[in-house]
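Listed here are the chains, written in short residue letters.
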Amino acid sequence: MDKIRKSGKCPKEVVDKMIKLYFDGLSSTESAKETILNKFQKNALLNISKELSNLQDIEDVCVQYGEKKIFIFNPKPDDFDINMIASSLSRQCRFNGHIRDDIEIYSVAQHSFLVAENLPPEYKLVGLLHDAVESFLLDLITPIKALSPIYKMIENKCYDSISQKFNLPNPIPKIVKEVDIRVLLTEKRDLLTKCDYVWEQEKYFTPYEHFKITDCWLPFRAKKEFLKRFYELTENR
């Protein structure tokens, strides 16, 4: 990445490394559908690798967050700060803002808080921070993300650095992903306009029955609750 900083270009070896990192991250136990999709993603990566190699402007490969400039193809653990993460996630609305009209906002920070609350103690911190990458990259809806291999690769690189910074398991444990889905379905039930459409996740998971989401926090409270929970979980670490 130093070569990029000095020359303003993205060398071929960097692009090759990015592609290898993505390929290495593909599951070895893919379903037939995933195999077809991953072949599509590989072809997409190969097709755009030449364009990445020809980047001339350093700003094409870095982004500004407050006083920090983060090189998104090579993020470092110290690039990520819990206050920045909490501030961003507390202002981002889930479902791209497509919640019921009587709800002002339901933030990614509150979603993350609920995921953490429904996990065993040893998984609560990673549950709280499982969407921390979204504070820097924003999120893509699942169908679009599946067709966006470069985004997924950068997302994985950012999570690698975040996991090092906060001593989180990497990859995100299966139990966290399952709780994430169940919270998602709980949100569908409690926060979205009712519809007859059955989501794919509903074929395998159910929403939680022991609680309902009736109090949607505004950003100031969402950030406060998120940070409070973070410091409680890291107090003795």
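Use the structure listed above.
Conventions and cut-offs
- Residues numbered from 1 in each chain as written.
- Predicted model: local features only at pLDDT ≥ 70, side-chain atom pairs only at ≥ 80, totals over all residues.
- Heavy atoms only, no water.
- Axes fitted to C-alpha atoms, helices over the stretch in contact; angles between N-to-C directions.
- Helix = DSSP H or I, 4+ residues; strand = E, 2+ residues; numbered from the N terminus.
- Parallel < 35°, antiparallel > 145°, perpendicular 65-115°, else oblique.
- Left-handed = near helix turned anticlockwise from the far one by under 90°.
- Contact = heavy atoms within 4.5 Å.
- Nonpolar A, V, L, I, M, F, W, Y, C, P; charged D, E, K, R; others polar.
- Phe/Tyr/Trp six-rings, centres within 6.5 Å; stacked < 30°, edge-to-face > 60°.
- Buried < 20%, exposed > 50% of the residue type's maximum accessible area, 1.4 Å probe, protein only.
- Lys NZ or Arg CZ within 6 Å of the ring centre and 35° of its normal.
- Disulfide = S-S within 2.5 Å.
- Salt bridge = Lys/Arg side-chain N within 4 Å of Asp/Glu carboxyl O.
- Expected span 1.5 Å × (residues − 1).
- Polar contact = N/O pair within 3.5 Å; in protein donor to acceptor, adjacent residues only side chain to side chain.

1. Thoughts on the packing of helix α5 (residues 108-117) against helix α10 (residues 174-191)
No. 1: Contact pair α5 / α10: the axes reach a minimum separation of 9 Å and the direction vectors enclose 125°. By the angle between their directions, the pair α5 and α10 is classed as oblique. With respect to the hand of their crossing, α5 and α10 are arranged in right-handed fashion. Contacts between α5 and α10 involve His111, Leu114 and Val115 from the former and Val176, Val179, Asp180, Val183 and Glu187 from the latter.
No. 2: When its residues are assigned to classes, the contact of α5 with α10 shows 5 nonpolar, 1 polar and 2 charged.

2. Considering the environment of Lys177
No. 1: Among the secondary structure elements, Lys177 is positioned in helix α10.
No. 2: Taking the C-alpha atoms as reference, Lys177 lies 8.6 Å from Gly127; in sequence the two are 50 residues apart.

3. As for unusual backbone geometry
No. 1: Cis peptide bonds are those with omega within 30 degrees of zero, and the linkage from Asn170 to Pro171 qualifies with 10°.
No. 2: Checked against the element boundaries, Pro171 lands in the loop between α9 (149-166) and α10.
No. 3: Of note, Asn96 is a non-glycine position whose phi angle comes to about 55°, a positive value.
No. 4: At Leu138, a position not held by glycine, the phi torsion is positive, near 60°.

4. Notes on the packing of aromatic side chains
No. 1: Inspection of the entire model under this criterion finds 6 aromatic pairs.
No. 2: Both rings, one in Phe113 and one in Trp217, keep their centres 5.1 Å apart while their planes meet at 75°; by these two values the pair is edge-to-face. Here Phe113 is found in helix α5, whereas its partner Trp217 is found in the loop between α10 and α11 (219-234), with 104 residues between them in sequence.
No. 3: Given a relative accessible area of 9%, Trp217 falls into the buried group.
No. 4: A centroid spacing of 5.2 Å and a plane angle of 75° characterise the contact between Phe230 and Tyr231, whose relative ring orientation is edge-to-face.
No. 5: We classify Tyr231 as partly exposed; its relative accessible area is 48%.
No. 6: Ring pairs connect the aromatic residues Phe166, Phe230 and Tyr231, which therefore count as one cluster.
No. 7: One Lys or Arg, Arg94, reaches over the ring of Phe95 and ends 5.3 Å from the middle of that ring.
No. 8: Over the ring of Tyr208 we find Arg182; its NZ or CZ atom is 4.1 Å from the centre of that ring.

5. Comments concerning the state of the cysteines
No. 1: Throughout the structure, instances matching the rule amount to 0 disulfides.
No. 2: Free cysteine: Cys93, not disulfide-bonded; nearest cysteine sulfur from Cys216 at 8.5 Å.

6. Re the pattern of salt bridges
Should the charged atoms of two oppositely charged side chains come close, the side chains can pair.
No. 1: A complete count under the given rule lists 13 salt bridges for this structure.
No. 2: A salt bridge links Arg189 to Glu209; the shortest N-O distance between them is 3.9 Å. In this pair, Arg189 sits in helix α10 while Glu209 sits in the loop between α10 and α11, placing the two residues 20 residues apart along the sequence.
No. 3: Looking at Glu209, the relative accessible area reads 66%, which means it is exposed.
No. 4: For Arg221, the salt bridge is made with Glu225, and the minimal N-O distance between the two is 3.4 Å. Of the two residues, Arg221 and Glu225 are both situated in helix α11; the distance of 4 residues between them amounts to about one turn of the helix.

7. Considerations on α11
Think of an α-helix as turning once every 3.6 residues; residues three or four places apart then point the same way.
No. 1: The end-to-end C-alpha distance of α11 is 22 Å, a good match for the 22 Å that 16 residues give at a rise of 1.5 Å each.
No. 2: Buried residues of α11: Ala222, Glu225, Phe226, Leu227, Arg229, Phe230, Leu233 and Thr234, and no others.
No. 3: On its buried side, α11 packs onto α4 (82-91), α5, α6 (124-128) and α9.

8. Digging into the packing of α5 against α11
No. 1: With their axes 9 Å apart at the nearest point, α5 and α11 run at an angle of 35° to one another. In terms of crossing hand, the pair formed by α5 and α11 is left-handed. Counting all contacts with α5, which are made through Ala109, Ser112, Phe113 and Glu117, the residues of α11 involved are Ala222, Glu225, Phe226 and Arg229.
No. 2: Its residues assigned to classes, the contact of α5 with α11 comprises 4 nonpolar, 1 polar and 3 charged.

9. Topic: the side chain of Asn118
No. 1: Take Asn118: it is sitting in the loop between α5 and α6.
No. 2: Within the structure, the side chain of Asn118 is placed 3.0 Å from the side chain of His210, a separation counted as a polar contact.
No. 3: Residues contacting Asn118, with those up to four places away along its chain left out, are Val179, Val183, Tyr208, His210 and Phe211.

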